[in-house]
Amino acid sequence: MPLDIRPVREVGAVFVHGLFSSPRTWSHFEALIAADRELAHIDTLPFGYVSPVASFSPLRRIPSFDDVADSLGGFLEVEGGGYERLVLVSHSQGGLVVQRYLARMLNEGRGTELARISRVVMFACPNSGSELALTLRRALWRRGHAQERQLRPIHAAVTEAQRTVLTRVVHARSVTANSCPLPVTAFAGETDGIVTPASARSLFPDAGVLPGDHSGIIRPDSPGHRSYTALKRLLLTPPDGATGSRTSDRERGAAPRSGRTPTRGTEPARGAEPDDAGPGDWRSRAMVDHDENGLFGIAPDVERLLRDLAGPTGPWVVNVRGVGGVGKTTMAYEAARRAAREGIFDRIVWTTVRGGAHEPGLWEALFDLAAQLGVALGPDRRGWEAELGVALRAAGEQRRVLVVVDNLEVASQATAIVDGLRGAGVVRPHKLLVTSRGVVHDPDHAIKEQSVTGLTQEAAVAFIRHVGADDPELADATGTTFTPIVRITEGNPYLMRLAIRRYLSTGMPLHEVIDELTALESRVPDGGEGLATRIKAHLFDRSLGEFDLVAGADAAHSLMAAFCAKRRGDRIARGELMELSGLPDREFRHALRCGHDLELVQASRLNEEHSIHSLLYEYTKPRPGTGPGTVSP
C-alpha cells in the first residue's frame, strides 16, 4: 500500500452554509482570514451541498439533513484529511447539519473519530426552529421540502440531535466511542428577524449576540467587525483554552482537579457540601461576591427563610422578593449554605436565569437542573417537565432536594418558572427557593413571600464602614454622618456601595457626595420609584464618568459594550471578554482593573469570569430608539 505523503496542515476551518445558499456566502470571512497574518496557519474549507428552493425534475430530489450530514462526513475525511485540527463553522441551517453529523457519528460508536475537531461555531442557527412566515412556507411547499420541513419549530429529529450534542458533546467528560467533549459556541444576530436570539442560543451555555441581521452576521466588512473578531478569537483559542499541550485532563478522561483532597475523619455530614466549589457544585453557579464577615443585617431574615425551607410541610415555594441590588441573591445563598452545612437537604441545585423578561427561561432552567441531578432528558422539550418529575418523585421517597432559581426579573417570568417546575416535580418534600422582583402568583396559595428591604440604619452604617475599611476617616465618622446616604438610597446595599466608591475614587469630600444625593431628593419630594430611578441614574452616570476618566473613554465604553453583547446575568470568561471589547491586552487589563476598583465589575471563579450587576446592565444596554442610560425626566 503506498504511503500517504500529503503535507499535514495545522488547522482547517470548515464552513457550512444554510438554506437556499452556497459556499459563496462565506466570501467575506474567507477574504479577511486570507489577509490576516495571525491566521496564516488556518485554511478555509467551504463545504457545499444542494439546497434549492424547489426541485422540478422527477429524476432529482432535495437531500435530507441525514444525506447532507453524511456528505459532510465524507468531506471531512477527504478534503479535511490533511489537517491536525478542524474547526466547524456554520450559518443558519448549516448548524443543524453539523449537529446531525455529530449525533450520527456518536450513535454509530465513532466518537473517537471526532477528536480531531477542536471546536464548533454556529452563527444564527435555528436550534428551536424558525417561525417566520411559517404559514406561507407550508403553503409554498405543500408537497414538502426535505430541508425546510426540519426548520419548523420542535421537529423531533432536530431536537433529538441537539439533545445528543448537549449531553454527549457539550457536557461530555472524555473521548469514548459514544462521547467526545467539544466546545460549542452559538451566536445570535442582534436584529435577526428570521432566527430569534432565543432560538439561536437555545440551551448552549456558551452563547452570545453579534451585530447584524440573519445574513449580515456572516458578512463582516472589516477586520474590526465583531463577527470576525469573535470568530478569530475562537480560531486562535486552543481546545479547552489551554496555552500549552492540546491534550487536557478532560480529553484524557481524568477526574477533575481539585484544590483539596479529602482525608479520613473530615467527610462532610449527610447533606453537607465540601468547602471548595468546583464547577459542578451549586456554589460555583451562584453569582455572589462576598465573605461571611461582609454580611450585615440579614441574619434574622436568613433564619426565617431557613425555617420556611427546613420543614417538610408548610410552603413548598419561598419567593425572596425585592428591588434590584437589595441583596436577594446574598440571602438565598446564605440560606442554602446553612441548609447544606446543617444537612437539611440531601442535594442542592442552583440555576441562574439569564436574559430579559421576554425570555421566560424555563427550558434552560429545566436542562440545567436536570444536568446537575444527572437526569437524561429526551429530544422533545414538551416532555421535559414530566421526565424530570419522574426522577424527582422517585428521589423524594429517600432524598430531599432544594432547588434555587435566582435572578427572575418580573412577576410573569417568576410565575412561569414556578408553574413549570411544579410540573417537573419540584413539590413536597422538595423545596423551591426563587429570587425575583415581583410577587409570584399561585392559585393554590402554596408560596411564601419573603420581602427584602433595605438595611436598617445600624446595619447600613456597619456596611458602609466595611466598604470603606481602608479609609480611617470613615471608620472614625459618627453614624449620623451617613444618615442621608442611608435615607436616600433606602438602605440599598448596591446603591450605598456605589455612593461610597464615588467618595473613595474621586477624592471628593463626603459632604459633597451627600449634597449631590440630597439635591436629587429635593427634586422628587414624593420619593418612591421616581427617586430610586434618579438615584440609580445619578450614581451610574457618575461612576461611569469616573470610569471614562481613569480607564479612558474609548476603553471604558468598549468594556461596557462587551458586557452588553451578552445576556443579563451572564458571566464572561476573561479571554472572551477581551475579544468582545476589541481592546489590546494592556488596555483591557487596565480597564478591567478600573472597573473592579469602581465596583462596576464583579469577578468570580478566581478572577477567571467577570460580570456586571443586572441594574447596571439594564441601565447601560441601549434600548431601541434610545441611547444608553436614558432616564425619563
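Residues numbered from 1 in each chain as written. Predicted model: local features only at pLDDT ≥ 70, side-chain atom pairs only at ≥ 80, totals over all residues. Heavy atoms only, no water.

The next thing to look at is the overall build of the protein. The secondary structure content of the protein amounts to 24 helices and 14 strands. Looking at the protein as a whole, 51% of its 633 residues qualify as buried. Within the protein, counting contacts between residues at least 6 apart in sequence, those at least 24 apart form 72% of the total. Accessible area of the protein: about 28,700 Å², with a carbon and sulfur share of 53%. (Helix = DSSP H or I, 4+ residues; strand = E, 2+ residues; numbered from the N terminus. Buried < 20%, exposed > 50% of the residue type's maximum accessible area, 1.4 Å probe, protein only. Contact = heavy atoms within 4.5 Å. Areas by Shrake-Rupley, 256 points an atom, 1.4 Å probe, with all protein chains shown as cover.)

On to the pattern of salt bridges. Following the criterion strictly, the structure yields 21 salt bridges and no others. Across the salt bridge formed by glutamate 113 and arginine 110, the nearest N and O atoms sit 3.0 Å from each other. Arginine 233 is paired through a salt bridge with glutamate 576; the nearest N and O atoms lie 3.9 Å apart. Linking arginine 233 in helix 7 (residues 226-236) with glutamate 576 in helix 22 (residues 574-581), this pair joins segments that are 343 residues apart in sequence. Glutamate 576 matches arginine 233 in its accessibility class, with the two residues each being buried. Put simply, Asp66, Asp70, Arg100 and Arg104 are held in one network by salt bridges that share partners. (Salt bridge = Lys/Arg side-chain N within 4 Å of Asp/Glu carboxyl O.)

Helix-helix packing is characterised by the crossing angle of the two axes and by the distance between the axes. Where helix 15 (residues 457-467) meets helix 18 (residues 493-506), the axes come as close as 10 Å, and the angle between the chain directions of the two elements is 45 degrees. Put simply, helix 15 runs oblique to helix 18. In terms of crossing hand, the pair formed by helix 15 and helix 18 is right-handed. Contacts from Ala460, Phe463, Ile464 and Val467 of helix 15 reach helix 18 at Pro493, Met496, Arg497, Ile500, Arg501 and Leu504. Considering only residue class, the contact of helix 15 with helix 18 consists of eight nonpolar, no polar and two charged. (Axes fitted to C-alpha atoms, helices over the stretch in contact; angles between N-to-C directions. Parallel < 35°, antiparallel > 145°, perpendicular 65-115°, else oblique. Left-handed = near helix turned anticlockwise from the far one by under 90°. Nonpolar A, V, L, I, M, F, W, Y, C, P; charged D, E, K, R; others polar.)

Okay, the pairing of strand 4 (residues 117-123) next. Burial within strand 4 is extensive, with seven of its seven residues counted as buried. Pairing between strand 3 (residues 83-91) and strand 4: six bridges, direction parallel. Pairing of histidine 91 across the sheet is with phenylalanine 123, part of strand 4. Handedness of the β-α-β unit built from strand 3, helix 3 (residues 93-107) and strand 4 comes out right-handed. Relative to strand 5 (residues 184-189), strand 4 runs parallel, the two sharing four bridges. Looking at the pairing, methionine 122 lines up with alanine 186 of strand 5. (Pairing = 2+ DSSP bridges. Right-handed = clockwise from strand over helix to strand, strands pointing away.)

Sheets are built from strands that pair by backbone hydrogen bonding, the pairs being arranged parallel or antiparallel. Spatial strand order, 8-9-10-7-11: five strands in an open sheet with parallel pairing. Edge strands, defined here as strands with exactly one partner in the open sheet, are strand 8 (347-352) and strand 11 (447-451). Strand-to-strand twist of the sheet, defined as the mean angle between neighbouring strand axes without regard to direction, takes the value 15 degrees. Relative to strand 10 (residues 431-436), strand 9 (residues 401-408) runs parallel, the two being bridged by five bridges. Opposite valine 403, over in strand 10, you have leucine 432 as the bridge partner.

A word on unusual backbone geometry. Of note, the phi angle at serine 92 is positive, near 55 degrees, even though the residue is not glycine. Counting through the fold element by element, serine 92 comes out in the loop between strand 3 and helix 3. Phi is positive for asparagine 407, close to 80 degrees, though the residue is something other than glycine. Inspection of the secondary structure assignment puts asparagine 407 in strand 9.

Membership of the largest hydrophobic core comes to 68 residues, with the highest contact counts inside it found for Val14, Leu72, Tyr101, Leu102, Val405 and Leu432. By residue number, the principal contributor to this core is helix 3, which donates seven residues. Excluding anything up to four places from it in sequence, tyrosine 101 contacts Ala69, Leu72, Gly73, Leu76, Leu114 and Ile117. Ranked by size, the runner-up nonpolar core spans 57 residues in total, among them Val467, Val486, Leu510 and Leu598. (Core = buried A, V, L, I, M, F, W, Y, C linked by side-chain atoms within 4.5 Å.)

To continue, consider the packing of helix 12 (residues 362-373) against helix 14 (residues 411-423). It is the contact of helix 12 with helix 14, at a shortest axis distance of 10 Å, that shows an interaxial angle of 45 degrees. Judged on the interaxial angle alone, helix 14 and helix 12 are oblique. Between helix 12 and helix 14 the crossing geometry is right-handed. Of the residues in helix 14, those in contact with Leu362, Ala365, Leu366 and Leu369 of helix 12 are Ile417, Gly420 and Leu421.

One can find serine 90 in strand 3. In this structure serine 90 comes out as buried when scored by relative accessible area, which is 0%. Of note is the side chain of serine 90, whose polar atom sits 3.3 Å from the backbone nitrogen of glycine 95. Residues contacting serine 90, with those up to four places away along its chain left out, are Val16, Trp26, Gly95, Val98, Val121, Met122 and Phe123. (Polar contact = N/O pair within 3.5 Å; in protein donor to acceptor, adjacent residues only side chain to side chain.)

Turning to the sheet that holds strand 2 (residues 42-47), a few remarks are in order. Pairing within the open sheet is parallel, and its six strands lie in the order 2-1-3-4-5-6. Strand pairing shows two members of the sheet lacking a second neighbour, strand 2 and strand 6 (207-210), which therefore form its edges. Adjacent strand axes in the sheet meet at a mean angle of 20 degrees, parallel and antiparallel pairs treated alike. Against the sheet, helix 3 contacts strand 1 (9-16), strand 3 and strand 4, and its axis sits at roughly 135 degrees relative to strand 3. Contacts from helix 7 reach strand 1, strand 2, strand 3, strand 4, strand 5 and strand 6 within the one sheet, and its direction differs from that of strand 4 by about 165 degrees.

Take the packing of aromatic side chains next. All chains considered together, the criterion is met by 13 aromatic pairs. Plain terms: the ring middles of phenylalanine 123 and phenylalanine 187 are 5.5 Å apart, the flat faces sit at 25 degrees to each other, and that makes the pair stacked. In this pair, phenylalanine 123 sits in strand 4 while phenylalanine 187 sits in strand 5, placing the two residues 64 residues apart along the sequence. Accessibility classification places phenylalanine 123 together with phenylalanine 187 in one group, the buried group. Here the aromatic cluster, defined as three or more aromatic residues joined through ring pairs, consists of Phe15, Trp26, Phe29, Phe123 and Phe187. (Phe/Tyr/Trp six-rings, centres within 6.5 Å; stacked < 30°, edge-to-face > 60°.)

Because each turn of an α-helix spans 3.6 residues, side chains separated by three or four positions end up pointing in the same direction. Taking 1.5 Å as the rise per residue, helix 18 with 14 residues should run 20 Å; its terminal C-alpha atoms sit 20 Å apart, in good agreement. Taken residue by residue, helix 18 has Pro493, Tyr494, Leu495, Met496, Leu498, Ala499, Ile500, Arg502 and Tyr503 as its buried positions. The N-cap of helix 18, judged by a side-chain oxygen 3.0 Å from the amide nitrogen of tyrosine 494 a few residues on, is asparagine 492. (Expected span 1.5 Å × (residues − 1).)

This paragraph deals with helix 10 (residues 299-310). Spanning 12 residues, helix 10 covers 16 Å between terminal C-alpha atoms, matching the ideal 16 Å at 1.5 Å per step. Taken together, the buried positions of helix 10 are occupied by Asp301, Val302, Leu305, Leu306, Asp308 and Leu309. Within helix 10, the buried residues cover an arc of 160 degrees as seen down the axis, which keeps them to one side. Opposite the packed face of helix 10, turned more than 90 degrees from it, sit the exposed residues Ala299, Pro300 and Arg307. As for helix 10, its buried residues are in contact with strand 7 (317-321), helix 11 (328-341), strand 9, strand 10 and strand 11. (Arc of directions from axis to C-beta.)

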